[in-house]
Amino acid sequence: MSETRFDPSQADGRWQRAWDEAQTFRADDASERPRCYVLEMFPYPSGRIHIGHVRNYTMGDVIARYKRMRGHEVLHPMGWDAFGMPAENAAIEQKVHPRSWTYQNIANMKAQLKRLGFALDWSRELATCDPAYYGHEQALFIDLYEAGLVYRKESAVNWDPVDQTVLANEQVIDGKGWRSGAPVEKRKLSQWFLKITAFAQELLDGLDKLDGWPEKVRVMQENWIGKSQGLQFGFTLSDGSKLEVYTTRPDTIFGASFVAVAPDHPVAQAVAENDPQAAAFIELCKQGGTTAAELETAEKLGYDTGLKAIHPFTNDRLPVYIANFVLMEYGTGAIMAVPGHDQRDFDFASKYGLPIRRVIAPSAAEAGAPLSEAYTGDGVCVNSDFLDTMPTDVAKREVIGRAEQHRWGEGRTVWRLRDWGVSRQRYWGTPIPFIHCEKCGVVAVPKDQLPVVLPEDVDISQPGNPLVRHPTWKHVHCPSCGGAAVRETDTLDTFVDSSWYFLRFASQPADKPFDPEVVAKWLPVDQYIGGIEHAILHLLYARFWTRALARIGKLEVTEPFASLFTQGMVTHETYSREEHGREVFYSPGDVLRTATGATLKDGSPLTIGRVIKMSKSKKNTVDPDEIVARYGADAVRWFMLSDSPPERDLPWSEAGIEGCWRFVQRLWRLFGQHDAGASGEDKALARKTHQAIAAVAEDIEALAFNKAVARIYELTSAIEKAPPSAERNAAIRTALLLAAPMMPHLAEEGWAALGQQGLVADASWPETDPALLVEDEVTIAIQHKGKLRDTLTAPKGASTEALEALALGSEKVQRSLGGAEVRKVIVVPDRLVNIVT
RNA sequence: GCGGGCGUGGCGGAAUGGUAGACGCCGGGGACUUAAAAUCCCCUGAGCUUUGCUCGUGCCGGUUCGAGUCCGGCCGCCCGCACCA
């Protein structure tokens, strides 16, 4: 082989075409091999892939290629989360149809992904905006409707009166529409809902079995579902009416010293009608911040309504307050307040001079202990009549039991989880397949008339939903009575699209959403990889949708993702300077970076800012296309895997990618040193080679790509230092195979140069020889009083006595001992000797 | 405030309770070259009285023959959030 350099500009494309032509990465449903489904969260086709996508897809690609080498039939698909608002915004701004904008973006991004050499089965590519996809989604939606899991109800939305559109919560900034700047109104609209709450317990229980998921994500989902168990009961008020409250601590009922209702509770509203001061207080509560931190530190405020609530056991008359810390959305919007055992109630009672009674103590003997803050732990009841001495859990059951027996309350489980509102008053989404008939009400579109296709000829330029003002599209005949009727003009939340795409990847027949038998072969996804930002909504909705389909008999799988990995972001320094009193950012391409600072190309100095997530506004982005053109796909992929553990942020650096480029060339030169005529034996190198095979495999399976990369560097260095030998040739081949999942183009080029048959993409992972995995000589650390004094070499498996003698024979150890008496010698075979004096 | 995570060289980071700093980046020195690029070699935690010794994994304590790792208490940073009764 010549001493030329590896040239990715021609090699990358050549091997990408070779994989395409051989259909190397096409997954075979009928394969007898063990299966592996590797999936990365599919992208929104915004126009360009960003470096975060590159990192995400490179990780998945390494696993997919590695699993193939280990003999698995791998499903590694890609598609497009293609509905959503950016297409409509682009339509307004650029006068281009959402459809053509989206498909143009898909074409661009697909070409970008191809240039990175990902081992994807493109035959299964799908776009959610394709009627061939969303038509099946409509059918599934109707199935869920017929199973009673879809319903309609009136619900408040954020309405932008200028744009005539509904806004998502994140599009409302300081109460104003993000685009129009107009104050957002709350409007009641009839909306479609999915009954995710019917699965709350299942979704919660399922989390326990998801041991392939990060603990963090499971905790976030658990909190989101938010199960609590307690007592709901009615206070009789002094005006004779009833006030329902909910508490998780019925055992503290004898400590209740007031009752509080939310400012928007009907009782508060009723009081305000005749009491201007109450009305003013309610207004006051509506102001102020809503962030978690602000709420936690906000002062507890209340307004005494003058009403009294009758305690069900003691008949005490408790004051009823309107309180800013009580939420209408949770429980019944009213609470019994127990200052002794709830910190919020404690703060409130302290401020308004209400009684603070201890009714729970760590032990009965501490019944009189004073409270300087709320005691929220468990214990035994004290000062609580018939509950005294009962432990917390027994007392809870006792109070609920009595309430139920005397019919003034009952045990109740409250969930934070709400049903999933899926109506969007937008054009670019899956049409909800229903028809409104004056006579027949809401009627599902018959399945043989699906898909309900979005009309192409829409006027996007005006505000509002174009489906509503389309001249013909919505006017149809009722499928039931044949009379004049109108289509539903709402479209589905795009989270619905992404709640089942992984099923469609596994099986995509033309006549139905998927074939459950084929799906059962592939699902659950063995490794799902994506951003932490989807920890709750997407992942919870996908789990729900899968369970819902299982419940109505469409699927056998209940949990879609066996293992989940959330990767870190790609970050970069920022460069900026003050211009006319504003901080102006410059992109890395315009900046000269030295070891000590950064300047513009004209030499003017810049401030180097923090390393933060790449974003357009801070101009600290790098363009994947540019760097692939400069360094080739393999150097970029290698960088994505090197150094930082994959769950942490990866700081992009020019020096780092340069280093990767150098290593690509270094490996290439190594391939050129394969010497067919080499003789001589190199047992030590053979050992290192086999240890590297085992270590890299272990690291890839643990997704510790940075460690796998380090192992390959180590092996490469060892080979470079070794003289020619048969083992060295084998080591070169092995290094190529170990690097192949990460640098597939270089590996193919090297494989061909070494005269190997076929594609390295089809090669097997090298076997390890167990005899070569263990060393026959080990380095023993010799410590005196726990401090290292010497290191000695000993045969592996040397006896305790031999090691002890060896250690005591060391000159350095003797010097350290200085004649002191040896009291004890600790020997850890094959590792260390510690001499204690 | 609560929950979760993390603190190791100039930087990214390694390290089943057993030789702290693997591997990479940066930096320094050298070789090759007319020169440069490319490449290769060596050094690179701190300090000191430098054949060697001492200190060193945010801080304080504990367990242990032995602690970056385990336990208790602090400090700092990051992420998430729901005043959830």
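Before any of the text, the structure's been laid out above.
J.: Tell me what's going on with the overall build of chain A, and back it up with residues and numbers.
T.: When helices and strands are counted, chain A shows 27 helices and 39 strands. Structurally, chain A occupies a C-alpha span of about 100 × 90 × 65 Å along its principal axes. By the burial criterion, 51% of the 837 residues in chain A qualify as buried. Sequence-distant contacts, at least 24 apart, represent 70% of the contacts inside chain A between residues at least 6 apart. As presented, chain A carries roughly 38100 Å² of accessible surface, and 50% of it is formed by carbon and sulfur atoms. Charged side chains in chain A number 93 positive and 112 negative. The centres of these two groups are separated by 1 Å.

J.: Which residues make up the pattern of salt bridges, and what values do they have?
T.: For the structure shown, the criterion picks out 34 salt bridges. A salt bridge links Lys110 to Glu125, with the nearest nitrogen and oxygen atoms 2.7 Å apart. Here Lys110 is found in helix 4 (residues 98-115), whereas its partner Glu125 is found in the loop between helix 4 and strand 4 (126-127), with 15 residues between them in sequence. Across the salt bridge formed by Arg547 and Glu202, the nearest N and O atoms sit 2.9 Å from each other. Here Arg547, found in helix 17 (residues 537-551), pairs with Glu202, found in helix 6 (residues 200-209); they are 345 residues apart in sequence, far enough to count as distant. For Glu202, a relative accessible area of 29% puts it in the partly exposed group. Sharing partners across several salt bridges, the network here consists of Glu202, Arg543, Arg547, Arg551 and Glu559.

J.: Residues and numbers for the protein's contact with RNA strand B, please.
T.: Not every one of the 50 residues close to RNA strand B is listed here, only the nearest: Thr247, Thr248, Tyr330, Ser644 and Glu714. In the model, a base oxygen of RNA strand B is placed 2.9 Å from a nitrogen or oxygen of the Lys300 side chain. Asn834 is positioned with one of its side-chain polar atoms (N or O) 2.6 Å from a base oxygen of RNA strand B. For the surface near RNA strand B, the per-class residue count stands at 20 nonpolar, twelve polar and 18 charged.

J.: So what's going on with the packing of aromatic side chains? Residues and values would help.
T.: All told, the structure shown has 42 aromatic pairs when counted by the stated rule. Between the aromatic rings of Phe83 and Trp428, the centroid separation amounts to 5.0 Å while the plane-to-plane angle is 80 degrees, which identifies the pairing as edge-to-face. With Phe83 in the loop between strand 3 (79-80) and helix 3 (85-94) and Trp428 in the loop between strand 20 (423-424) and strand 21 (434-437), the pair connects residues that are 345 residues apart, well separated along the chain. Each member of the pair Phe83 and Trp428 is classed as buried. Taking 5.7 Å as the distance between ring centres and 45 degrees as the angle between the ring planes, the aromatic pair formed by Tyr321 and Tyr352 counts as tilted. Taken as a pair, Tyr321 in strand 14 (residues 317-323) and Tyr352 in helix 11 (residues 343-352) lie far apart in primary sequence, 31 residues in all. Residue class for Tyr352 comes out partly exposed when judged on its relative accessible area of 26%. Ring pairs connect the aromatic residues Phe42, Tyr501, Phe502, Phe505, Tyr528 and Phe561, which therefore count as one cluster. A cation sits over an aromatic face here: Arg358 above Tyr375, 5.8 Å from the ring centre. The side chain of Arg416 reaches across the aromatic face of Trp224, ending 4.3 Å from its centre.

J.: Describe in detail the packing of helix 20 (residues 654-671) against helix 22 (residues 705-721), supporting the description with residues and values.
T.: Look at helix 20 against helix 22: their axes get within 11 Å of each other, and the N-to-C directions meet at 40 degrees. Taken as axis vectors, helix 20 and helix 22 run oblique relative to one another. Where helix 20 crosses over helix 22, the two elements pack in a sense that is left-handed. Contacts between helix 20 and helix 22 involve Phe663, Arg666, Leu667 and Leu670 from the first element and Ile712, Tyr713, Thr716, Ser717, Ile719 and Glu720 from the second. Grouping the constituent residues of the contact of helix 20 with helix 22 by class yields six nonpolar, two polar and two charged.

J.: Give me unusual backbone geometry: which residues, what numbers.
T.: At the junction of Leu450 and Pro451, the peptide bond is cis and its omega measures out at 0 degrees in the coordinates. Geometrically, the link from Leu523 to Pro524 is a cis peptide bond, its omega value of -5 degrees lying close to zero. Along the chain, the position of Pro524 falls in the loop between helix 16 (516-522) and strand 26 (527-531). Not every positive phi belongs to a glycine, and Gln23 is a case in point at roughly 50 degrees.

J.: Can you break down the side chain of Thr102 residue by residue, with the values?
T.: Looking at where Thr102 falls in the secondary structure, it is placed in helix 4. Excluding anything up to four places from it in sequence, Thr102 contacts Pro45, Ala82, Ala87, Cys129 and Trp428.

J.: Hey, could you go over the sheet that holds strand 5 (residues 150-160) for me, with residue numbers and the actual values?
T.: Sheet architecture is open: four strands sit in the order 6-5-9-19, paired in antiparallel fashion. Looking along the sheet, the strands with just one partner apiece sit at the ends: strand 6 (165-167) and strand 19 (420-421). Taken together, the two bridges between strand 9 (residues 185-194) and strand 19 define a ladder with antiparallel strand orientation. Bridging from a neighbouring strand, Phe193 pairs with Gly421 of strand 19. The sheet strands contacting helix 5 (residues 131-146) are strand 5 and strand 9, and the helix crosses strand 9 at an angle near 85 degrees.

J.: Kindly report on the pairing of strand 33 (residues 605-608), identifying the contributing residues and their values.
T.: As paired elements, strand 29 (residues 575-579) and strand 33 share two bridges and run antiparallel to each other. Considered in strand 33, the bridge of Ser576 is made with Thr607. With two bridges joining them, strand 32 (residues 598-600) and strand 33 adopt antiparallel strand pairing. Bridged to Ala598 within strand 33 is Leu606. Between the end of strand 32 and the start of strand 33, which pair antiparallel, lie four residues, with Gly603 showing a positive phi angle near 95 degrees.

J.: Give a detailed account of the environment of Gly482, specifying residues and quantitative values.
T.: Relative to the helices and strands, Gly482 resides in the loop between strand 23 (475-477) and strand 24 (484-487). Classification of Gly482 by relative accessible area gives partly exposed; the value is 42%. Separated by 253 residues in the primary sequence, Gly482 and Gln229 have C-alpha atoms spaced 50 Å apart.

J.: I'd like a description of the state of the cysteines, backed by residues and values.
T.: Enumeration over the complete set of coordinates arrives at zero disulfides. Free cysteine: Cys481, not disulfide-bonded; nearest cysteine sulfur from Cys440 at 3.6 Å.

J.: Any details on the environment of Tyr57? Residues and values, ideally.
T.: Take Tyr57: it is sitting in helix 2 (residues 51-69). Residue classification places Tyr57 among the buried residues on the basis of a relative accessible area of 1%. Between the C-alpha atom of Tyr57 and that of Met640, which follows or precedes it by 583 residues, the distance is 9.8 Å. Those residues in contact with Tyr57, other than ones at most four positions away along the chain, are Glu40, Met41, Phe42, Pro43, Met78, Leu113 and Phe118.

Quick notes on the rules
- Residues numbered from 1 in each chain as written.
- Chains lettered and ligands numbered in written order.
- Predicted model: local features only at pLDDT ≥ 70, side-chain atom pairs only at ≥ 80, totals over all residues.
- Heavy atoms only, no water.
- Helix = DSSP H or I, 4+ residues; strand = E, 2+ residues; numbered from the N terminus.
- Buried < 20%, exposed > 50% of the residue type's maximum accessible area, 1.4 Å probe, protein only.
- Contact = heavy atoms within 4.5 Å.
- Areas by Shrake-Rupley, 256 points an atom, 1.4 Å probe, with all protein chains shown as cover.
- Lys, Arg positive; Asp, Glu negative; His and termini not counted.
- Charge placed at Lys NZ, Arg CZ, Asp CG, Glu CD.
- Salt bridge = Lys/Arg side-chain N within 4 Å of Asp/Glu carboxyl O.
- Near = heavy atom within 4 Å.
- Polar contact = N/O pair within 3.5 Å; in protein donor to acceptor, adjacent residues only side chain to side chain.
- Nonpolar A, V, L, I, M, F, W, Y, C, P; charged D, E, K, R; others polar.
- Phe/Tyr/Trp six-rings, centres within 6.5 Å; stacked < 30°, edge-to-face > 60°.
- Lys NZ or Arg CZ within 6 Å of the ring centre and 35° of its normal.
- Axes fitted to C-alpha atoms, helices over the stretch in contact; angles between N-to-C directions.
- Parallel < 35°, antiparallel > 145°, perpendicular 65-115°, else oblique.
- Left-handed = near helix turned anticlockwise from the far one by under 90°.
- Pairing = 2+ DSSP bridges.
- Disulfide = S-S within 2.5 Å.

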